Amino acid sequence: MTKTRSIPREKGLEKGPSVLREGYLYILNRRKSFQSDVFETRLLGQKAICMGGEEATKLFYDPEKFIREGAMPKRVQKTLTGEKGVQSLDGDKHANRKAMFMSLMSSEELDRLSAILEKKWENALVKWEKSKEIVLYEEVQNILSRTACEWAGVPLPENQVKKRTNQLVKLFETPATIGPAHWQGRHARNEADEWVEELIEKVRNGELEPPENTALFVFSWHKDLNGELLPLETAAVDVLNILRPITAISIYCCFTGLAVHQYPEEAEKLRSGDKNKLQQFVQEVRRFYPFFPFQAAKVKEDFIWNGYEFKKGTLTLLDIYGSCHDPKVWDNPELFHPERFSDWRDTPFSFIPQGGGTYMGGHRCAGEYITLRMIHTCLDYLVNKMVYEVPEQDFSYSMVNMPSIPKSKMILTNVKRK
């Protein structure tokens, strides 16, 4: 009989307030205090297991051990991901829908996306040159929402750009908020759902004909395991799970601008346009700065791991931020050091800023390729294709607010093209 041991347990009742109070550091703080990569607590009125590190990540993404159905809080589904999104599926249903997303990630489609982004960035530069100052975070949101819609085949009339961009932004800015801000996020989700559902109806009845290689076309005509078209509401959620994450890359772009400013000696190494060095810088931005705090799953069946008992149905959280700052994996994890990626040997479980596992069979973010392309382009412009001044401002960012962004949102002045 396998010998078991007790999982270190956090004393007290509901710890949801602690999560809101400590944000990205909640799990990491306790991993340090317990001197354990696994501990037990109470969240959302139930027992929960929190864990982090490479071995725990490998376990978390084992489909024989964990499922996603019923794990994601409703407040997240009602804002960020939408209900019945691919993130909440398992088994064949997940594989079917994940393959639909991955069909868009060919090198040809990613090249098309990059070309659209560069065009939108150039258009923005024309406007920025006429402005005394810009707020990078907000301007990039506009660029990315326009880019996402054009790439996805979603019509976006000029008079709707501000409205639709604001809706998409609220989807990722409000899941962890409370009160009026959160309800604004739910309202934005309802409006965005209705917008895309109407577009899909038009595609299906022949009123709208997006290019066949776009998300709007592919998702409108995708069939489930029973050979049926996806329900209208589900297809709309999936389209928004293209538009919303691309727009959310504005968070990384804002942190990229901060890194270029605060680490000028590292930015100087990028002046040659060396793609490898640019890529190393991009990866360090993704590792160093906060983005996703953690991911949720539930135990599929009882099992024992490293002597710890995991009971069926137990909510389990994987420490995303903490795993990107794990000293067992990263030398001096609190230092911004892009060259750590010069000889990096990645595995599906060692570097997980947007989740781990494999792309096709697992729950790793299908849009990670997109993220890399988008930040790479942003970085190249900030370093090699434009000049600007960075006035005095509040560069601090919270480790409690989720998502976190620099408080000033990166103000740039006197922007000019090189």
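Structural data are supplied above this passage.
The following refers to the structure shown. This one's a predicted model, so the numbers in the text were calculated from it and none came from an experiment.

How each quantity is defined
- Residues numbered from 1 in each chain as written.
- Predicted model: local features only at pLDDT ≥ 70, side-chain atom pairs only at ≥ 80, totals over all residues.
- Heavy atoms only, no water.
- Helix = DSSP H or I, 4+ residues; strand = E, 2+ residues; numbered from the N terminus.
- Rg over C-alpha atoms; globule rule 2.2 N^0.38 Å.
- Buried < 20%, exposed > 50% of the residue type's maximum accessible area, 1.4 Å probe, protein only.
- Contact = heavy atoms within 4.5 Å.
- Areas by Shrake-Rupley, 256 points an atom, 1.4 Å probe, with all protein chains shown as cover.
- Lys, Arg positive; Asp, Glu negative; His and termini not counted.
- Charge placed at Lys NZ, Arg CZ, Asp CG, Glu CD.
- Salt bridge = Lys/Arg side-chain N within 4 Å of Asp/Glu carboxyl O.
- Axes fitted to C-alpha atoms, helices over the stretch in contact; angles between N-to-C directions.
- Parallel < 35°, antiparallel > 145°, perpendicular 65-115°, else oblique.
- Left-handed = near helix turned anticlockwise from the far one by under 90°.
- Pairing = 2+ DSSP bridges.
- Core = buried A, V, L, I, M, F, W, Y, C linked by side-chain atoms within 4.5 Å.

Comments concerning the overall build of the protein
Argument step 1. When helices and strands are counted, the protein shows 15 helices and 10 strands.
Argument step 2. A globule of 418 residues ought to have a C-alpha radius of gyration of about 22 Å, and the protein, at 21 Å, matches this closely.
Argument step 3. With respect to the three principal axes, the spread of C-alpha positions in the protein is 70 × 55 × 40 Å.
Argument step 4. The buried share of the protein, reckoned over its 418 residues, is 55%.
Argument step 5. The long-range share in the protein, meaning contacts at least 24 apart out of those at least 6 apart in sequence, stands at 72%.
Argument step 6. In the structure as shown, the protein presents an accessible area of about 18,800 Å², 50% of it carried by carbon and sulfur atoms.
Argument step 7. Of the charged side chains in the protein, 59 are positive and 58 negative, and the gap between their average positions amounts to 4 Å.

Considerations on the pattern of salt bridges
Argument step 1. Per the stated rule, a full pass over the model turns up 33 salt bridges.
Argument step 2. Residue Glu22 pairs with Arg30 through a salt bridge whose shortest N-O separation is 2.6 Å. Per residue, the accessibility class of Glu22 equals that of Arg30, and both read buried.
Argument step 3. Between Glu138 and Lys409 there is a salt bridge, and its shortest N-O distance comes to 3.8 Å. Of this pair, Glu138 sits in helix H7 (residues 136–152) while Lys409 sits in the loop between strand S9 (386–389) and strand S10 (411–417), placing them 271 residues apart in sequence.
Argument step 4. A relative accessible area of 27% places Lys409 in the partly exposed class.
Argument step 5. Within the structure, one salt-bridge network assembled from shared partners comprises Arg31, Asp37, Asp319, Asp326 and Lys328.

Observations regarding unusual backbone geometry
Argument step 1. The omega torsion of the bond from Met402 to Pro403 falls at 5°, within 30 degrees of zero and hence cis.
Argument step 2. Following the sequence through the fold, Pro403 ends up in the loop between S9 and S10.
Argument step 3. The backbone of Gln35 shows a phi angle near 55°, a positive value even though the residue is not glycine.
Argument step 4. Looking at the secondary structure, you find Gln35 in the loop between helix H2 (26–34) and strand S1 (38–43).
Argument step 5. Non-glycine residue Lys409 carries a positive phi angle of around 65°.

Remarks on the packing of helix H5 (residues 91–102) against helix H11 (residues 232–262)
Argument step 1. Running from N to C, H5 and H11 cross one another at 45°; their axes reach a closest spacing of 11 Å. Between H5 and H11, the angle is such that the two are oblique. With respect to the hand of their crossing, H5 and H11 are arranged in right-handed fashion. Contacts between H5 and H11 involve Arg97, Met100 and Phe101 on the former and, on the latter, Thr234, Asp238, Asn241 and Ile242.

Observations concerning the sheet that holds S10
Argument step 1. In spatial order, the strands read S4-S10-S9; together these 3 strands make up an open sheet with antiparallel pairing. Each of the sheet's edge strands pairs with one partner strand only, and the pair in question is strand S4 (133–135) and S9. Across this sheet, the average inter-strand angle for adjacent strands is 50°, counted without regard to direction.
Argument step 2. The sheet contact formed by S9 and S10 spans 3 bridges and is antiparallel. For Met386, the partnering residue across the bridge sits in S10 and is Arg417.

Observations concerning the nonpolar core
Argument step 1. By size, the foremost hydrophobic cluster in this structure holds 90 residues, and its most contacted members are Trp121 and Leu243.
Argument step 2. Looking at which element gives the most residues to this core, the answer is H11, with 18 residues.
Argument step 3. Apart from residues lying up to four places away in sequence, Trp121 is in contact with Trp128, Val140, Ile143, Cys378, Tyr381 and Met386.
Argument step 4. Judged by nonpolar contacts, the second largest core, of 19 residues, contains Val38, Phe60, Phe303 and Leu318.

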